[in-house]
Amino acid sequence: MPAFELFQPASVNDALGVLNRHGADAWVMAGGMDTFDWLKDRIKKPKVVVDLAMVNELRGIKDAGGGLEIGATTTLTTIANDPMVKERFPLLATAALIVASPQIRNVGTLGGNVSQDARCWYYRAGWPCYRAGGNICYADTPTSINREHAIFNADRCVAVNPSDTAPALVALDAQFVIKNGDRERVVPAEEFFIGPGIDITKLTSLQPGDLLTAIRIPATWAGKGHYFEKVRDRQVWDFALVNIAASMNVSGSTIGDARMVVNGVAATPYRLNAVEAFIKGKARDKATADQAADIAVQGAVPLQHNAYKIPLMKALVKRAIRGDAEWTS
Amino acid sequence: MDLLTTARSPWGESIFTHISWSLFWASLVGGLLFLLAHGGYMLFSQHRKRPSEEVDRMERERAGLPALITRHGFVARAFHWVMAFAMLTLLLTAFLPIIGVRFAWVQWHWMAGVLLTASVLFHIFHATFVLDFWSIWVGPKDIPEFKAEMLREMGKEDVPGPRSGKYPLGNRLYHLAVMVAGLVVIATGILMMWRVRTGVVERNPYMLSDPAWGLTYVGHGLMGVGFVGLVIAHIYFALRPEKLWITKAMIFGTISRRNYLEYHDPDRWAAEGSRKPSSPVA
């Protein structure tokens, strides 16, 4: 790995102090699952790495008035097994449980999972693409291999957000607590993730000096109808081709409020606002699901090799609305 | 500090990718410093218009001049303001994200670029076939005017050299700079339309080689940041008290007879009725 200065602060304040001193030169590392790929491939060469492993106050799950506050470096295994998460937000427990492999979940953190960088192999291979500060998207050319790339909201770059927990947190209307120096801001999950139109070099709104400290999930969707499903090429240790997270208020067979979010189709978790509006007040049946699926994929623009994502996404939307299938693993 | 950013292409070539955004700040600060320097200088500089006695005499000699003289027709003014709107939109969409105002800027940027391109194409046609094409150009013929203006600027009285034609020399030099920068950003911008999804042209990112694309982006960036300084200077001069009569002419189309005679050479810009009659009128 390229040489860097390593800091292992023992408190949030110490971590913030180091981040403030080094600004854009500092790289925040939680579980290291994304970090070590970059460093070992010698693609990213930060001058300073801030390892959060010693910061105990960033770990743990607390009750918050019927909702939850989850420390940013709480591992995915902890979240998947936590009784409060499983009882109130099985959607998140399910999403955390099917991230990658058990070994990765044991060290991978919630903050790291939502903050991880794009998995586009042109970008990760160190090619000078838009996301890397260049002036081309190698994944969006007549000869590209772009099976895993975006079908919505591509703006020069066609990389997608690879996270499984991100759509779950958007569906649960979570809020991200971010500290920078003495300041703290709380950002809705939908605004935490940003597309290439806003900043083509990043997937999140985190700025130099920022530290994601916690994720708050309000009680709004606790105990409501939840659904998560992930489709991937192999059933373990793989990123989603497409995944879907939904929280739904269902009364009898009638759907009330709902939040439905798909990931793997755009650079940000893709919220299905039109579908949510359409299904509200409708019967939870096949007819509603079929119509909603058609609405969900309106505006999709497939690349050479990823048109399959459109029928795949339609199928996931139907299944989420019908609630007739569990996630696969 | 690297003024241009480079990268290694997948084929191992060292290629340019962009300009450094520090050049944007350099252009911004340079434009503002020019503004301060010129403003300070103007506190002490001489007025360059004709002495009032001479203007009085000329008014008597050119009794046929109307009170208001058309400087810019409606079409020329409409072009100017459409182009100004497009240019300001281009600058704001290009550089607000650089200073931290984040929004999806690309679609607004290319649409403003299309508007600018269309307006400039129209301007070229209009200036070539309708207006006096050569009135805005600078050439060796302007050296006497340049010398005379410099002498007047230094406070010399009764300098015999010519006055401006329709456009002051500084105006024509500015037009030349804007024309060069504008044609480069338009040409490179049109090429860059093949790199983004616009619906106007079919994307073809391989239309040029990586080094050629690099030069395209660098050219676009350099001229783009150049426009920051140019536009600052333009707005500054438009708002200067002694230039407001020109700015008003770009809004209302006309200047007063007195402004015409104070600042222009009627032999070089013959407004309607400006020819001196054979015998003076009392």
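Since the model is a prediction, treat every value here as computed from it, not as a measurement. (Residues numbered from 1 in each chain as written. Chains lettered and ligands numbered in written order. Predicted model: local features only at pLDDT ≥ 70, side-chain atom pairs only at ≥ 80, totals over all residues.)

Quick word on the overall build of chain B
Quick note on the threshold: For the purposes of this entry, the term helix denotes a DSSP run of H or I that reaches at least four residues, the term strand denotes a run of E that reaches at least two, and both are numbered from the N terminus. Once C-beta atoms are placed from the backbone, each residue is buried if 20 or more other C-beta atoms lie within 10 Å of its own, exposed if 12 or fewer, and partly exposed for counts between those two. In this description, any two residues whose backbone-derived C-beta atoms lie within 7 Å of each other are considered to be in contact.
What chain B contains, in helices and strands, is nine helices and four strands. Along the three orthogonal principal directions, the C-alpha set of chain B runs to about 80 × 40 × 35 Å. Looking at chain B residue by residue over its 282 residues, the buried ones come to 21%. Sequence separation of at least 24 residues holds for 74% of the intrachain contacts in chain B that already meet a minimum separation of 6.

Some words on the overall build of chain A
Definition in use: As defined in this context, the radius of gyration uses C-alpha atoms, and a globule is described by 2.2 Å times the residue total to the power 0.38.
Looking only at helices and strands, chain A features 13 helices and twelve strands. In terms of C-alpha radius of gyration, chain A reaches 19 Å, essentially the compact-globule figure of 20 Å for 329 residues. Burial analysis of chain A (329 residues in total) assigns 50% to the buried set.

Some words on the sheet that holds strand E2 (residues 26-29) of chain A
Residues and elements named next belong to chain A. This is how it is decided: Pairing between strands requires that DSSP locate at least two bridges from one strand to the other. Only the stretch in contact is used when a helix axis is fitted, and all axes are lines through C-alpha atoms; the angle between N-to-C directions ranges over 0 to 180 degrees.
The strand order across the open sheet built from three strands is E1-E3-E2, with neighbouring strands paired in parallel fashion. With one partner strand each, in any of the chains shown, strand E1 (5-7) and E2 form the two edges of the open sheet. On average, each strand axis in the sheet is inclined to that of its neighbour by 25 degrees, with strand direction left out of account. Summarising the sheet, E1 and strand E3 (residues 48-51) pair through three bridges and their orientation is parallel. Note that in E3 the partner of Glu5 across the bridge is Val48.

Some remarks on the interface of chain A and chain B
We count it as follows: Each residue gets one label: Ala, Val, Leu, Ile, Met, Phe, Trp, Tyr, Cys and Pro are nonpolar, Asp, Glu, Lys and Arg are charged, and the others, such as Gly, are polar.
Taken residue by residue, the interface counts 14 residues in chain A and 18 residues in chain B. When the residues that make up the side of chain A that touches chain B are grouped by side-chain class, the tally is six nonpolar, five polar and three charged.

Some details on the packing of helix H6 (residues 169-192) of chain B against helix H7 (residues 210-239) of chain B
Relative orientation and spacing of two packed helices are given, respectively, by the angle between their axes and the distance between those axes. Residues and elements named next belong to chain B. Applied cut-off: Helix crossings get a hand from a simple test, with the near helix turned counterclockwise from the far one by less than a right angle marking a left-handed crossing and a clockwise turn marking a right-handed one.
Contact pair H6 / H7: the axes reach a minimum separation of 9 Å and the direction vectors enclose 145 degrees. In the packing of H6 onto H7, the handedness of the crossing is left-handed. Mapping the contact onto sequence places Tyr174, Ala177, Val178, Ala181, Val184, Val185, Thr188, Gly189, Leu191 and Met192 in H6 and Thr216, Gly219, His220, Met223, Gly224, Gly226, Phe227, Leu230 and His234 in H7.

Considering helix H1 (residues 22-44) of chain B
Residues and elements named next belong to chain B. Selection rule: Given a helix with a known number of residues, its expected span is that number minus one, times 1.5 Å.
End to end, H1 covers 34 Å across 23 residues, agreeing with the expected 33 Å (1.5 Å per residue, within 8%). Buried within H1 are the following residues: Leu23, Ser27 and Gly31. For H1, the elements touching its buried residues are strand E2 (14-19) and H7.

Quick notes on the pairing of E2(B)
Consecutive residues of a regular strand have side chains that alternate between opposite faces of the sheet. Residues and elements named next belong to chain B. Pairing of strand E1 (residues 4-8) with E2, which is carried by five bridges, proceeds in the antiparallel orientation. Paired with Thr5 across the two strands is His18, which belongs to E2. Here E1 folds back onto E2, and the loop between the two strands holds five residues, one of which, Gly12, carries a positive phi near 85 degrees.

Digging into the sheet that holds strand E6 (residues 175-180) of chain A
Residue and element names in this part refer to chain A. The five strands are arranged E4-E5-E8-E6-E7 in an open sheet whose pairing can be described as antiparallel. What marks the edges here is a single partner per strand, and that holds for strand E4 (61-64) and strand E7 (183-188). For this sheet, the mean angle separating the axes of adjacent strands, direction not counted, is 25 degrees. When strand E5 (residues 67-71) meets strand E8 (residues 211-217), the two strands line up antiparallel, connected through four bridges. Residue Leu68 lies in a different strand from E8, and its bridge partner there is Ile217. Helix H1 (residues 12-22) contacts E6 and E8 of the sheet and is inclined by roughly 130 degrees relative to E8.

Quick look at the pairing of strand E10 (residues 242-251) of chain A
Residues and elements named next belong to chain A. Burial of E10 is extensive: seven of the ten residues sit out of reach of the surface. In this structure, strand E9 (residues 225-231) lies alongside E10, joined through seven bridges in antiparallel fashion. What sits directly across from Tyr227, in E10, is Ala246. Both E10 and strand E11 (residues 254-263) contribute to a ladder of eight bridges, which runs antiparallel. Across the sheet, the residue bridging to Ala246 is Met260, located in E11. Connecting the antiparallel pair E10 and E11 is a turn made up of two residues, with Gly252 showing a positive phi of about 65 degrees.

Thoughts on the domain arrangement of chain A
All names here are of chain A. Rules: The source of the domain bounds is an automatic or database domain assignment.
Here chain A is partitioned into domain 1 (56-115 + 160-220) and domain 2 (226-322). Placing the centre of domain 1 and that of domain 2 at their C-alpha centroids yields a distance of 21 Å. With 26 residues of domain 1 at the contact, the number on the domain 2 side is 25 residues. Looking at the side of domain 1 that touches domain 2, the elements that each hand over two or more residues are helix H5 (90-97) and helix H9 (165-171). With five residues, H9 is the largest single contributor of residues to the side of domain 1 that touches domain 2.

Here we look at the confidence of the model for chain B
All names here are of chain B. Where we set the bar: Scored from 0 to 100, pLDDT records how confident the predictor is in each individual residue.
In the predicted model, chain B carries a mean pLDDT of 88, and the fraction of residues at 70 or more is 94%. Contacts of residues 277-282 to residues separated by more than four positions or lying in other chains number five contacts, the stretch itself having pLDDT below 50. Predicted complex, confidence summary: ipTM 0.83, pTM 0.86.

So, unusual backbone geometry
Residues and elements named next belong to chain A. The phi torsion at Ala100 lies on the positive side, around 45 degrees, for a residue other than glycine. Note on Ala100: 16 C-beta atoms within 10 Å, which makes it partly exposed. The backbone of Asn153 sits at a positive phi, close to 55 degrees, despite the residue not being glycine. With respect to the element layout, Asn153 can be found in the loop between helix H8 (121-124) and H9. C-beta crowding within 10 Å serves as the criterion here: with 19 such atoms nearby, Asn153 is assigned to the partly exposed category.

With respect to the environment of Pro10(B)
All names here are of chain B. Residue position: Pro10 is located in the loop between E1 and E2. Taking the number of C-beta atoms within 10 Å as the measure of exposure, Pro10 has 14 and is therefore partly exposed. Along the chain, Pro10 and Asp210 lie 200 residues apart, while their C-alpha atoms are 9.4 Å from each other.

With respect to the packing of helix H3 (residues 74-95) of chain B against H7(B)
Residues and elements named next belong to chain B. Applied cut-off: Angular relationships are summarised with four words: roughly parallel below 35 degrees, roughly antiparallel beyond 145, roughly perpendicular across 65 to 115, and oblique for the angles in between.
Close contact between H3 and H7 brings their axes to 11 Å; oriented N to C, the two are set at 120 degrees. Taken together, the axes of H3 and H7 lie oblique to each other. In terms of crossing hand, the pair formed by H3 and H7 is left-handed. Touching Met87, Leu91, Ala94 and Phe95 of H3 are Gly224, Phe227, Val228 and Val231, all from H7. Of the residues that constitute the contact of H3 with H7, the class distribution is seven nonpolar, one polar and no charged.

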